[in-house]
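Here is what each chain is made of, one letter per residue.
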Amino acid sequence: MDPDTSTSQGRRLLPLLLAVAVLAVLVWALVAGGPGGPQEPSAATTSAGPADAAAPRGTTATPGPADPTAAPEPGAPPSPGEGRTVPVEAVPVLPAVGLDATGDFGTGLTVRLTAIEAVDGVARAPGEVAGPALAVTLRAANDSTGSIPLDDVVVLLSYGQDRTPATDLGQGSTPLSGSLSAGASATGTYVFAVPEDVRDDLRVEIAADAAPTVAFAGSLD
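These remarks concern the structure in this document. (Residues numbered from 1 in each chain as written. Predicted model: local features only at pLDDT ≥ 70, side-chain atom pairs only at ≥ 80, totals over all residues. Heavy atoms only, no water.)

Attention shifts here to a negative patch on the surface. Together, Asp120, Glu196, Asp197, Asp200 and Asp221 give the surface a local cluster of negative charge. Locating Asp120 in the fold gives a position in strand S3 (residues 109–121). By relative accessible area, Asp120 is classed as exposed at 72%. (Patch = residues over 30% accessible without salt bridge, like charges linked within 9 Å, V, L, I, M, F, W, Y side chains within 5 Å. Areas by Shrake-Rupley, 256 points an atom, 1.4 Å probe, with all protein chains shown as cover. Salt bridge = Lys/Arg side-chain N within 4 Å of Asp/Glu carboxyl O. Lys, Arg positive; Asp, Glu negative; His and termini not counted. Charge placed at Lys NZ, Arg CZ, Asp CG, Glu CD. Helix = DSSP H or I, 4+ residues; strand = E, 2+ residues; numbered from the N terminus. Buried < 20%, exposed > 50% of the residue type's maximum accessible area, 1.4 Å probe, protein only.)

Written out as structure tokens, the structure reads:
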């Protein structure tokens, strides 16, 4: 065969061989990417967590119970508490005795007003008003066999038919405090702002712990 003829035929066959090679590559790619061939993992598959992988296909995951420590949503009403109503009984007040009598709490503690003196009240704390005042001195005695606390003793003074409460003044007051031993006594002074024209109708009430309140009533005139 003529060499030139062979070369010409080879040149004509080269495109055909290239086309066959490309076709073979395309067929292999289709076969490898089909249902039976290996597949690259999708983004959805690689990003799924353990919970997603455990859930069967065709089902919807059910959310678990809410976290009790999670903060409530804005505007959500607060959870109701388990409130209880505790009855509170009013402390009874014993019938008033004269300003010069002795008040008995019934617990072994007795009190007596030893002096009610007119003084000039000095205002030191907010709400206090300087002016005419009364200094009430009382004596507490313990006739029981045990000690009695005095820190909870409260002394109140009111005046007039409307029982207007008098403002207590800290300046000049020496309240009862501490514990009173059996058979012992102690004194305390309480200063109240009281106008001079209402001292003909005074009422002093003394409360001690949970015992009934003792009261004194009378006039300084």
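Here we take up the sheet that holds strand S2 (residues 102–104). On the basis of which strands lie adjacent, the open sheet formed by five strands has the order S2-S3-S4-S10-S8 and antiparallel pairing. The open sheet terminates on both sides in strands that have one partner only, identified here as S2 and strand S8 (167–174). The mean inter-strand angle of the sheet, taken between neighbouring strand axes irrespective of direction, is 35 degrees. (Pairing = 2+ DSSP bridges. Axes fitted to C-alpha atoms, helices over the stretch in contact; angles between N-to-C directions.)

Another aspect to go through is the pattern of salt bridges. Tallied over the full model, the rule gives two salt bridges. The salt bridge partner of Arg163 is Asp201, with a shortest N-O separation of 3.6 Å. Residue Arg163 is found in the loop between strand S6 (154–159) and strand S7 (164–165), and its partner Asp201 is found in the loop between strand S10 (185–193) and strand S11 (202–207); the two are separated by 38 residues along the sequence. Given the relative accessible area of 25%, Asp201 is considered partly exposed. Where Glu205 meets Arg203, a salt bridge forms, and the shortest distance between an N and an O atom there is 2.8 Å. Look at Glu205 and you get partly exposed, because its relative accessible area is 23%.

Moving on, we get to the nonpolar core. Of all hydrophobic cores here, the largest spans 29 residues; its most connected members are Leu157, Val194 and Ile206. If you list the elements that add at least two residues to this core, you get S3, strand S4 (131–142), S6, S10, S11 and strand S12 (214–218). With four residues, the single largest contributor to this core is S4. With residues up to four places along the chain from it excluded, the contact list for Ile206 reads Phe105, Val111, Leu113, Leu138, Val153, Val154, Val155, Thr213, Val214 and Phe216. Core analysis: the next-biggest nonpolar cluster, separate from the first, contains five residues, Ala133, Leu169, Val191 and Ala193 among them. (Core = buried A, V, L, I, M, F, W, Y, C linked by side-chain atoms within 4.5 Å. Contact = heavy atoms within 4.5 Å.)

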